[in-house]
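Coordinate inspection notes
Below, each chain spelled out in residue letters.
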Amino acid sequence: MELHLHRVDYTQVGVTSQKTMRLLPALGKKATQKVAIADQDGVITCFGMKKGEAVPVFKTLPGPKIARMDLGGAAGTPQEKIFVCSGSQVRGFTKKGKQFLTFEANLTESINAMHVSGADLFVCASYIYNHYCDCKDQDYFLSGDKINDITCLSSEKLPHLVPVLACQDRVLRVLQGSELAYDVEVPGPPSVLELYNKDGGQEVLYGTTDGKIGLVQIGDCAAVTRWEIENEKKKGGILCIDTYDITGDGVNDILVGRDDGTVEVYGFDSSSEPALRFEHVLTESVTSIQGGCVGKEPYEEVLTATYTGWVTGLTTEPERAEAVQGEEVRMSKETQCKIEALRAELEQLQVKVLQGREQYQQTSQSSTAVSAVPIFSINDKFTLCQDDASYSLTLEVQTAIDNLLLQSDVPIDLLDVDKNSAVVSFSECDSEQPNGNFLLATYRCQANTTRLELKVRSIEGQYGTLQAYVTPRLQPKTCQVRQYQIKPLSLHQRTHSIDPDRPMNRLSLVGQFSFAEIHSWVVFCLPEVPEKTPAGESVTFYFHNTFLGTQLEATYCKGEGHFKSDNISTISILRDVLSKEATKKKINLNISYDIDDDSVSHTLQMIHPKLEYQLLLAKKVQLIDALKELQVHEGNADFLIPEYRSVLDESANLLEEYKKQPAHLERLYGMITDLFIDKFKFKGQNVKTKVSSLLDILDSYDLNSLLDFFNEP
Amino acid sequence: MMVPIFTLKLNHKINPRMVAVGKFDGVHPCLTAATQAGKVFIHNPHDRGQRPAGHRLSQSAHDSDVSLLNINQAVTCLTAGTLGPNSTGDTLLVGSQTNLLAYDVHDNTDVFYRDVTDGANAIVLGKLGDISSPLAIIGGNCALQGFDYEGNDHFWTVTGDNVRSLVLCDFTGDGKNELLVGSEDFDIRVFKEDQLVSEMTENETVTSLCHMHGSRFGYALANGTVGVYDRTARYWRIKSKNHAMSIHAFDLNGDGVVELITGWSNGKIDARSDRTGEVIFKDNFSSSVAGVVEGDYRLDGQKQLICTSIEGEVRGYLPASKDLKGNLMDSNTEQDLIRELSQRRQNLLLELRNYEENAKGVSQTNSRMGVIPANTQLQTALSVRASTEAQKAHVELSISTPNETIIRAVLIFAEGIFEGESHVVHPSVQNLSGCVRVPIIPPKDIPVDLHIKAFVGGRTSTQFHVFEITRQLPRFSMYEITEDSSAALPAGRVSFSINERPQRVVMWLNQNFLLPEVIESPNVSFNSLRGGGCMSFHMASNGQITLSTDDIDLAGDLVQSLCSFLAIEDLSVEADFPSYYEELRTTLTEVDEFHSVHQKLTADMADHSNYIRNMLVQAEDARLMADMRTMKKRYRELYDLNRDLINEYKIRSNNHNALLARLKSVNQAIQRAGRLRVGKPKNQVIAACRDAIKSNNVNALFRVMRAGTASS
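Just so it is clear, the structure is predicted and the values come from calculations on it, not from any experiment.

A few points about the UniProt feature "domain: Ciliary BBSome complex subunit 2 middle region" (unreviewed entry) in chain B
- In the numbering used here, UniProt assigns the feature "domain: Ciliary BBSome complex subunit 2 middle region" (unreviewed entry) to residues 165-272 of chain B.
- Structurally, residues 165-272 of chain B comprises 0% helix and 64% strand, and the distance from its first C-alpha atom to its last is 21 Å.

Here it is as structure tokens:
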């Protein structure tokens, strides 16, 4: 079934946070719904559409940044009370805009997730969960990692409410009172939760920051995963989900908004498997999504709000071009009025801005005045992509970006991203002191670029900071710097469990350090570890290397730390960094290690299929051009041996595959060399002189000769 | 939304920029393109399978509409069009590194086949100036050559560097075509026959040129820039991270004015308005675009825009019909306009908020915000720095703040002097200060605008004020003035007299050199920081100017710059560059040597091929007579001979490359001799040099270069 939706822009507010737009329930006979949206200027706008024009119902005064919005109301009545949270405060408004509730949660941190259900209020602020009933404290929970979102199961069947937390460490935590009932492992860090059935039920939809979506059934003591949608096309992370029957087949469809601007509608086929029905790409992050009817009766639509505050509908209403001639003229008259009004407003603004500019210029004459431009908001994300083991950096600004300067004090590779139209220029840099720059690159953006996506490839063991200086096209010109840590084990990712049967190398530390100290060292070395020291006496984290597939287990407590990995290079890096960090704090460490010689050949065997595949691919790709020429020369390819003919047949795929993984082979070679050096380093031998003969062996690669070379004394 | 009216998959790769449409039988247009293995394919869907194979032409095995033409050499350029006065159809012209072939596809015969020693990197067909017959003009290594239908060479001149693109257009508006030449030294030169009338300097190799209408033409550079010139003034340009593979002028929206159609390396095709550069249409191929041409491919009397990709995909687009109202993209203009206006409103509101917040003042001293005194102004200074042990000689740009604020980073955007388009200075945290010194080493003597962006704030700020300043680097900035007049003057010398007051010359010196302080007298000496030795400038009271330098290029640049400053139209010059002339003399002897070696090697090769033929016959005879021993022996000999041949080929190709390099430097010498003069004397010198070379009169050549004329 094909779904055709047309885009209509309704209005624009300030920069919006995730899940800050809701549709109010329809009133009486009218099918059109009002839209409530809150932005980071603290303004809540409620509007309805009348003849293609956004008519405000109410608008509040600016205040602190609003992080979430939810709708609520007494059980059994329409859910039309608007709740917003800003800082540690929750406020409630009626649909007319009258404030009826101000509630100070008295949390030290700002609330970043909220759920309202009847008289119950659930709020989360980074690690803390709080439940209030009628504004009275009920339950409290401290999570092991940051809480990204919260939802709550409620139905008559359940004896009590079941809150579900989406936590950064790739689990959904299901609570019972102040206690953890159980947790549900999900394939990526969950960023958003939504009830599948708004009227109840126990199914919860989740979306992850790496773009996966899933449905889990929350049971009493365990959860069952119904289905998962992988992110094969490498689209952006999920920011918002809603369920609504837009296809009109009687089953709720899933509406998804992503941080790369993609809006998707998933329907269900006869076997109840989700299938993509519609896709549209907006130019900026989609922060909220709702299904309903806003623009015109009786056309249903998908309403979205984007980062810069655009409220856009994707409506089932047929496009105007199909309308009759007369109607078209009338419609354009309406838009004409709209354009006129806008122009008039612009002119007024222009005058005001000119005055502002003049005043600003005048202050430059004074010797006491200062110039301080308010900080503009940048929406950024720096994440490790699992499939190509590289980091992706996305930057989004409210206005067009003029240029971007990237600076790094570690050697990293900047990769080209097709979507990105900015002109990149690499500047010569002096990697030696005093300035220590390994990368200096400028991106000059085309007009109207508000979002930039970059890819960065790091090398494990080399750590430092990547800095991005963003200059938007806004007077007076300012630029803001953002810093991103490249950690020593940058290619590692948290995982739920590891394979215990692999041969492992062990590294143990004993010394006079506190639990917090060793935790801070681990945070320094590895990504995706919560900054807060975990509760309890000791903690264990599992990681896997996204490039090689090797694993790492870190267990530590006060005065003691144990690290296990099948990759000797990982252990070597950890040893170097940890001892350096300890020395910085003047703590004496007693380091011992236990090297399993089998682990090296085990790692090599893990690399083997990857290496072999890459070598074969490189060889085939090299042949393609020559074979094609032969084919043209001879008129056909029948005379070739089948192997070559298959290369010709698959040439397009091969080339694409080859293009996808630039420098893959070099990276593998680098890791094998590291492995070789590290293996002998633990034995106290320096084998740097032998590296050239190792490279010779790699050039004419054969697993056995490589293994032999590693085992040579 | 506009969609292609036809799409073809040709199963042949297409070499970039080597695509043409020709009506070889006078009626049916055929898409012609160079492909792999030294072949050219001709796609003729109109009369199937009626052509005889043979000679060069053969039918493609897997597509009956395609015939293949064997060139047996890597094709470097290709075009089709009317060349002969009474041929029925178009002639196909194919250039390679050594030859130019004019071919009649319809009759399957060669029209002519010429050796071109300078190679053919680009080709254009048409009428030039007053020359009566249409010419096939090829551009090679520093040389331009035009052939008529009989293969006679009617036009020859030299240009600054290897030619990469050519187009014919009426640049001066006199009703006759001029030749526009884009070359690897980043220049677009305009030739009125063999007279150079204009020169535009770009900042990268000029890879494509196309005529739009009137005196307007489009261009593309190797760094991803495309744009439009009207005469010598640039209308607009845009830069992309992709490379423009092919540009073409075509009226796609049917408004009577052609648009610039660009095919990009990422497979994108876009049409831009010739006035503003605004995109009015775009489409995407799955692989890089190879060429963009036009032709009436459906034989319905309407021209189509035909785009081809390197994988052999072809798409044709008809000009848009009236009812699309020029709106070729699938967009809602009203919605877009509202969106744009809203965006502008949002921007203004933000700016206003900035001023309001600023006026409120900062309540608390927020160090992150990067508060700076409102009267902060950046000081910039340019100065010449001679080389020291630590650093090479450079021009120093120093940027400093007047107060305790620091400069976090400096970005300089400038064209043609950095590797990319920008240069960044980012001191480490320990070395932050209110002053940044940027060494700049411009590789060429060109005036450059430096667009400086400096991030100014406090030490711990995360937000900085951006100061944007533009400074101009004068043309001759890598020269340091010296007081030391005792040093021996260089032997190279240019002298000429002008009718100007010395003050004007002093003014020129002050504007074009980076001087620590304004000079008063026109008699000055400079040291070249690029290691070119010393250069001295002397003007006598009678207007006689003497330039002493051993660098002939620099002398040329100085003469050109001075004359354009003083608006001198014609200038003849006495020029003596003993060491350069000596070098050139050696080069000329080397050219002769390489020529004779070349001939000898060719003769040897002919011998060998005869020998091979004999040997092969003998070997096969032996095989038929079952004399295996003799056969083996013969084949072994054949194998040895083959190896020798390969070795010889290598020698030959080395010899050829060396010869090409020498020829290029000879062509450059003529160009340089020309650049020392302006206007008519310049063209006379080039013509006289060329005559001297043609008649192999080396002494006359030097006489011309020295005095400007052969007769003396």
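Structure shown, so let's carry the discussion forward.
Topic: the domain arrangement of chain B
Residue and element names in this part refer to chain B.
- Its domain assignment divides chain B into domain 1 (6-323), domain 2 (379-473), domain 3 (479-568) and domain 4 (578-707).
- Each of domain 1 and domain 4 was reduced to a C-alpha centroid, and the two centroids are 30 Å apart.
- Taken together, the contact pairs 18 residues of domain 1 with 13 residues of domain 4.
- Summed over both sides, the interface between domain 1 and domain 4 buries roughly 1,400 Å², with carbon and sulfur atoms accounting for 52% of that surface.
- For the domain 1 face of the interface with domain 4, the top three residues by lost area are Thr117, Trp156 and Val158, together amounting to 35%.
- Linking domain 1 with domain 4 are 2 salt bridges, by the criterion used here.
- Put simply, Arg675 and Glu199 hold a salt bridge, and the shortest N to O gap is 3.6 Å.

Quick word on the sheet that holds strand E29 (residues 313-317) of chain B
Residue and element names in this part refer to chain B.
- Here 4 strands make up an open sheet; going across it, the order is E1-E29-E28-E27 and the pairing antiparallel. The sheet terminates laterally at strand E1 (6-9) and strand E27 (289-295), the two strands that pair on one side only. On average, each strand axis in the sheet is tilted by 15 degrees relative to the strand beside it, whichever way the strands run.
- By the bridge criterion, 4 bridges tie E1 to E29 in an arrangement that is antiparallel. Paired with Thr7 across the two strands is Arg315, which belongs to E29.

Regarding the packing of aromatic side chains
- A complete count under the given rule lists 35 aromatic pairs over all chains for this structure.
- For the ring pair Phe122 of chain A and Tyr129 of chain A, a centre distance of 6.4 Å and an interplane angle of 20 degrees mean the geometry is stacked.
- Looking at Phe122 of chain A, the relative accessible area reads 0%, which means it is buried.
- Looking at Tyr129 of chain A, the relative accessible area reads 0%, which means it is buried.
- Taken together, Phe476, Tyr479, Trp508, Phe513, Phe526 and Phe537 of chain B form an aromatic cluster joined through their ring pairs.
- Just above the ring of Tyr127 of chain A sits the side chain of Lys532 of chain A; from NZ or CZ to the centre is 4.9 Å.

With respect to empty space enclosed by the protein
Residue and element names in this part refer to chain A.
- Tallied over the full model, the rule gives 6 cavities of 30 Å³ or more.
- Around the largest cavity, the lining residues are Lys19, Met21, Arg22, Glu194, Cys240, Ile241, Asp242, Ser288, Ile289 and Gln290.
- Counting residues per element, the ones that place at least two in the lining of the largest cavity are strand E2 (21-23), strand E22 (238-244) and strand E26 (286-292).
- A class-by-class count of the residues in the lining of the largest cavity yields 4 nonpolar, 2 polar and 4 charged.

Some remarks on the interface of chain A and chain B
- Listed per partner, the contact involves 80 residues of chain A and 66 residues of chain B.
- Taken over both partners, the interface formed by chain A and chain B buries close to 7,000 Å², and the fraction arising from carbon and sulfur atoms is 55%.
- Scanning the region where chain A abuts chain B turns up 7 salt bridges.
- Lys477 of chain A is paired through a salt bridge with Glu468 of chain B; the nearest N and O atoms lie 2.9 Å apart.
- Between chain A and chain B we count 25 residue pairs in polar contact (both at pLDDT 80 or more) in total.
- For the side of chain A that touches chain B, the element with the most residues is helix H1 (residues 325-363) of chain A, which contributes 16 residues.
- Split by residue class, the side of chain A that touches chain B holds 29 nonpolar, 32 polar and 19 charged.
- Across 2 bridges, strand E29 (residues 370-371) of chain A lies against strand E30 (residues 372-373) of chain B in antiparallel orientation. Looking at E30 of chain B, one finds that Ser371 of chain A is bridged to Ile372 of chain B.

Structural notes on the domain arrangement of chain A
Residue and element names in this part refer to chain A.
- Partitioning chain A into domains gives domain 1 (15-231), domain 2 (382-486), domain 3 (492-595) and domain 4 (598-711).
- Each of domain 3 and domain 4 has a C-alpha centre, and the two are 32 Å apart.
- Across the contact, 17 residues belong to domain 3 and 18 residues belong to domain 4.
- When the two sides are added together, the surface that domain 3 and domain 4 hide from each other amounts to roughly 1,600 Å², 70% of it contributed by carbon and sulfur.
- For the domain 3 face of the interface with domain 4, the top three residues by lost area are Phe547, Leu548 and Ile568, together amounting to 45%.
- The interface formed by domain 3 and domain 4 holds 1 salt bridge in total.
- Note that Asp576 and Lys681 form a salt bridge whose closest N and O atoms lie 3.4 Å from each other.
- On the surface where domain 3 and domain 4 come into contact, there are 9 residue pairs in polar contact (both at pLDDT 80 or more).
- The leading source of residues in the side of domain 3 that touches domain 4 is helix H3 (residues 568-584), at 6 residues.

Topic: the environment of Ile441 of chain B
All names here are of chain B.
- Of note, Ile441 is situated in the loop between strand E35 (435-440) and strand E36 (448-457).
- Distance from Ile441 to Phe418, taken between C-alpha atoms, is 8.3 Å for residues 23 residues apart in sequence.
- Those residues in contact with Ile441 that sit more than four places away from it in its chain are Lys392, Ala393, His394, Ile417 and Met478.

Focus on helix H6 (residues 680-694) of chain B
All names here are of chain B.
- Compared with the 21 Å implied by 1.5 Å per residue over 15 residues, the 21 Å span of H6 between its first and last C-alpha is a close match.
- Buried residues of H6: Pro681, Lys682, Asn683, Val685, Ile686, Ala688, Cys689, Arg690 and Ala692, and no others.
- Where H6 is buried, its residues touch strand E14 (153-158), strand E18 (195-201), helix H3 (552-566), helix H5 (628-675) and helix H7 (698-707).
- Two residues or fewer past H6, Asn696 is found with a positive phi of approximately 55 degrees.

As for the sheet that holds strand E20 (residues 216-221) of chain B
Residues and elements named next belong to chain B.
- Overall, antiparallel pairing links the 4 strands, which are arranged E19-E20-E21-E22 in an open sheet. The sheet is open, and its two borders are formed by strand E19 (206-213) and strand E22 (233-239), each paired with just one other strand. Strand-to-strand, the axes of this sheet are offset by a mean angle of 20 degrees, without reference to chain direction.
- Bridge count for E20 against strand E21 (residues 225-230) is 5 bridges, and the pairing is antiparallel. Opposite Phe217, over in E21, you have Tyr229 as the bridge partner.

Section: the pattern of salt bridges
- If you walk through the whole model with that rule in mind, you get 72 salt bridges over all chains.
- Here Glu194 of chain A ties to Lys19 of chain A by a salt bridge, and the two come within 3.5 Å at their closest N and O atoms. Here the residue Glu194 of chain A occupies a position in strand E18 (residues 190-195), and Lys19 of chain A occupies one in the loop between strand E1 (6-12) and E2, the gap between them amounting to 175 residues.
- Assessed through its relative accessible area of 13%, Lys19 of chain A is described here as buried.
- With its nearest N and O atoms 3.4 Å apart, the salt bridge here joins Glu199 of chain B to Arg189 of chain B. Placement of the pair is Glu199 of chain B in strand E18 and Arg189 of chain B in strand E17 (residues 187-192), with a sequence separation of 10 residues.
- On the accessibility criterion, Glu199 of chain B (30% relative accessible area) is partly exposed.
- Where salt bridges share partners, they join Asp185, Asp187, Arg189, Glu199, Asp557 and Arg675 of chain B into one cluster.

Looking at the UniProt feature "domain: BBS7 helical hairpin" (unreviewed entry) in chain A
- As recorded in UniProt, the feature "domain: BBS7 helical hairpin" (unreviewed entry) lies at residues 597-710 of chain A.
- Between the end C-alpha atoms of residues 597-710 of chain A there is a gap of 10 Å, over a span that is 81% helix and 0% strand.

What counts, and at which threshold
- Residues numbered from 1 in each chain as written.
- Chains lettered and ligands numbered in written order.
- Predicted model: local features only at pLDDT ≥ 70, side-chain atom pairs only at ≥ 80, totals over all residues.
- Heavy atoms only, no water.
- UniProt positions renumbered as here; feature names shortened; annotations may be inferred.
- Helix = DSSP H or I, 4+ residues; strand = E, 2+ residues; numbered from the N terminus.
- Domains from an automatic or database assignment.
- Contact = heavy atoms within 4.5 Å.
- Buried area = accessible area lost by both parts, 1.4 Å probe.
- Salt bridge = Lys/Arg side-chain N within 4 Å of Asp/Glu carboxyl O.
- Pairing = 2+ DSSP bridges.
- Axes fitted to C-alpha atoms, helices over the stretch in contact; angles between N-to-C directions.
- Phe/Tyr/Trp six-rings, centres within 6.5 Å; stacked < 30°, edge-to-face > 60°.
- Buried < 20%, exposed > 50% of the residue type's maximum accessible area, 1.4 Å probe, protein only.
- Lys NZ or Arg CZ within 6 Å of the ring centre and 35° of its normal.
- 1 Å grid on protein atoms, 1.4 Å probe; cavity = no way out; pocket = protein on both sides within 12 Å on 5 of 7 lines; lining within 4 Å.
- Points joined across faces, edges and corners; volume = space filled by probe spheres on them.
- Nonpolar A, V, L, I, M, F, W, Y, C, P; charged D, E, K, R; others polar.
- Polar contact = N/O pair within 3.5 Å; in protein donor to acceptor, adjacent residues only side chain to side chain.
- Expected span 1.5 Å × (residues − 1).

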